[in-house]
Each structure stands twice: as C-alpha cells, then as structure tokens.
Amino acid sequence: MESKPPLPPFTTETAAQKVRMAEDAWNSRDPDRVVQVYTEDSCWRNRAEFPVGRIQIREFLQRKWAKELEYRLIKELWAYTDNRIAVRFAYECHDDAGNWFRSYGNENWEFNEYGFMQRRFASINDLPITADERLFHWPLGRRPDEHPGLSELGL
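Residues numbered from 1 in each chain as written. Predicted model: local features only at pLDDT ≥ 70, side-chain atom pairs only at ≥ 80, totals over all residues. Heavy atoms only, no water.

## A closer look at unusual backbone geometry
Reasoning step 1: Of note, the bond from Pro5 into Pro6 is cis; its omega dihedral lies within 30 degrees of zero at 0°.
Reasoning step 2: Here the residue pair Pro8 and Pro9 is connected by a cis peptide bond, since its omega of 5° sits within 30 degrees of zero.
Reasoning step 3: The backbone of Arg29 shows a phi angle near 55°, a positive value even though the residue is not glycine.
Reasoning step 4: Take Arg29: it is sitting in the loop between helix H1 (12-28) and helix H2 (31-34).
Reasoning step 5: On the accessibility criterion, Arg29 (26% relative accessible area) is partly exposed.
Reasoning step 6: Phi angles above zero are rare outside glycine, and Arg47 is one such case at about 55°.
Reasoning step 7: The exposure class of Arg47 is partly exposed, given its relative accessible area of 33%. (Helix = DSSP H or I, 4+ residues; strand = E, 2+ residues; numbered from the N terminus. Buried < 20%, exposed > 50% of the residue type's maximum accessible area, 1.4 Å probe, protein only.)

## Digging into the pattern of salt bridges
Reasoning step 1: Enumeration according to the criterion identifies 20 salt bridges in this entry.
Reasoning step 2: The closest approach of N and O atoms between Asp24 and Arg20, which form a salt bridge, is 2.8 Å. On the criterion of helical spacing, the pair formed by Asp24 and Arg20 is a turn pair, its members being 4 residues apart in helix H1.
Reasoning step 3: Here Arg63 and Glu49 are joined by a salt bridge, their closest N and O atoms 2.5 Å apart. Taken together, the residues Arg63 in helix H3 (residues 53-67) and Glu49 in the loop between strand S1 (38-46) and H3 connect sequence positions 14 residues apart. (Salt bridge = Lys/Arg side-chain N within 4 Å of Asp/Glu carboxyl O.)

## Some points on the side chain of Glu110
Reasoning step 1: Tracing the chain through its elements places Glu110 in strand S4 (residues 100-111).
Reasoning step 2: Relative accessible area serves as the criterion here: at 12%, Glu110 is assigned to the buried category.
Reasoning step 3: Within the structure, Glu110 has its side chain in polar contact with the side chain of Arg84 (distance 2.7 Å).
Reasoning step 4: Setting aside chain neighbours within four positions, we find Glu110 in contact with Asn83, Arg84, Phe116, Met117, Gln118 and Arg119. (Polar contact = N/O pair within 3.5 Å; in protein donor to acceptor, adjacent residues only side chain to side chain. Contact = heavy atoms within 4.5 Å.)

## A few points about H1
Reasoning step 1: Here H1 spans 25 Å end to end across 17 residues, near enough to the 24 Å set by a 1.5 Å rise per residue.
Reasoning step 2: If you check which residues of H1 are buried, you get Thr14, Ala15, Lys18, Val19, Arg20, Ala22, Glu23, Asp24, Ala25, Trp26 and Asn27. (Expected span 1.5 Å × (residues − 1).)

## Points about the sheet that holds strand S3 (residues 84-94)
Picture the strands of a sheet paired through backbone hydrogen bonds; they go either parallel or antiparallel.
Reasoning step 1: The 5 strands lie next to each other as S1-S5-S4-S3-S2, forming an open sheet whose pairing is mixed. Two strands bound the open sheet, and with one partner strand each, they are S1 and strand S2 (69-80). Going from strand to strand, the sheet's axes swing by 25° on average, the running direction of each strand aside.
Reasoning step 2: Of the strands in this sheet, S1, S2 and S3 are in contact with H3, which crosses S1 at around 50°. (Pairing = 2+ DSSP bridges. Axes fitted to C-alpha atoms, helices over the stretch in contact; angles between N-to-C directions.)

This is the structure in structure tokens:
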C-alpha cells in the first residue's frame, strides 16, 4: 500500500514536518493536491460541515477557496501522540467584496499506519480585519521559510 511519510508514531521532528507539509499543501489552494493525504473514507468536522471521503472533501475545498480569496495560512504544532497531532492555525483572506478576515483555529488530526489522515476536527473563529492589519504578506503559495510563524507574530 502507498504511504505518506512521515509515518506514526510521531516524534517532535516528524510531527512538525507533517504540520509544515499540510500548511504547504493548503497554501497551494489545490483541492486535488490536498485530498491526496487523506484516507478514502476520511471524516472531517469543519465548522458546521461534516464531509466524508475524498470526493466530499474536494468539493468542500473547492467551495472554500472560491469564497476565501488571497488565502494565506500558517499552522503550528501544538501537541502530538503516537498517531495524533494537534495544530493551531491562522489564515487571512478576503471575500469578493474586499472584506478581510483573519481566522483562528485548532485542528485535531488522526493518522492511519500509512501516514494518511483518517480524521480531522477543526474549530475556527473569524475576525474581521482591515487591509492594514494584515500580517501575512508573502506571494500566494508556500510561506517562505524566513516568514515568521504564529508564535513569532504574537498570534
């Protein structure tokens, strides 16, 4: 069977690597790329939506990034165990009317033995911000290594 390293059981290093890989994939805003790290029957809770499986997850992500424009995300490892990782994150985006938001959240991830995420639970809060309050200014795509993370930004 195919695998998605790093594999559980996680260490501090491999858990942080998994988190950065997820951040990079989400910053691509490519649903086809993102869904490849989830099991075929992966179960999610994202706000009030509960997609199950790659098809529903892909559809969810397509809707998300059609509404959340200029999306930029930072994830940070919070805690881990053998096959679970807890993450905190923030992202900035604007809607089609030009209203900016910073969304803060926490995710709990559970992986199978092959490194695919089988469960994802996300809790998210949205804060309206002005364009002047934005903190995430890198070009769309992967966050540069030298760009500060959440802790460095005081978030």
